[in-house]
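Structure assessment
Okay, here's what each chain looks like letter by letter:
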Amino acid sequence: MKNPRCYQLRAINAVRDAFLARKKGVVIELFTGAGKGLIIAAIAKMTIAKGGRVLVAVNRDNLCEQ
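Here is a short report on the structure shown in this document. (Residues numbered from 1 in each chain as written. Predicted model: local features only at pLDDT ≥ 70, side-chain atom pairs only at ≥ 80, totals over all residues. Heavy atoms only, no water.)

1. Quick look at helix 1 (residues 6–20)
Here helix 1 spans 21 Å end to end across 15 residues, near enough to the 21 Å set by a 1.5 Å rise per residue. When we look at burial in helix 1, the residues that qualify are Gln8, Ala11, Ile12, Val15 and Ala18. Seen along its axis, helix 1 keeps its buried residues to an arc of 125°; they face one direction. Structural note: helix 1 exposes Cys6, Arg10 and Leu20 on the side pointing more than 90 degrees away from its buried face. Considering only its buried residues, helix 1 is in contact with helix 2 (36–49). At the C-terminal side of helix 1, Arg22 shows a positive phi close to 65°. (Helix = DSSP H or I, 4+ residues; strand = E, 2+ residues; numbered from the N terminus. Expected span 1.5 Å × (residues − 1). Buried < 20%, exposed > 50% of the residue type's maximum accessible area, 1.4 Å probe, protein only. Arc of directions from axis to C-beta. Contact = heavy atoms within 4.5 Å.)

2. Concerning the pattern of salt bridges
In total, this model carries one salt bridge according to the counting rule given. In this structure, Arg16 and Asp17 form a salt bridge, with 3.7 Å as the shortest nitrogen-oxygen distance. For Asp17, a relative accessible area of 41% puts it in the partly exposed group. (Salt bridge = Lys/Arg side-chain N within 4 Å of Asp/Glu carboxyl O.)

Next comes the structure, spelled out in structure tokens:
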């Protein structure tokens, strides 16, 4: 996996902090090409490493294929 850029790291940390604060759900909104997939992959990897489960819902077939 690529190393996240600084704004991607901020997003990853914000999601992590939200989950630590017991938020029930989190939405990530970034511009096209900002690396949302990389952010989701990093969060999923951290969650799975801790024994958690991950569900990513997308509305496009091409995003599923990626």
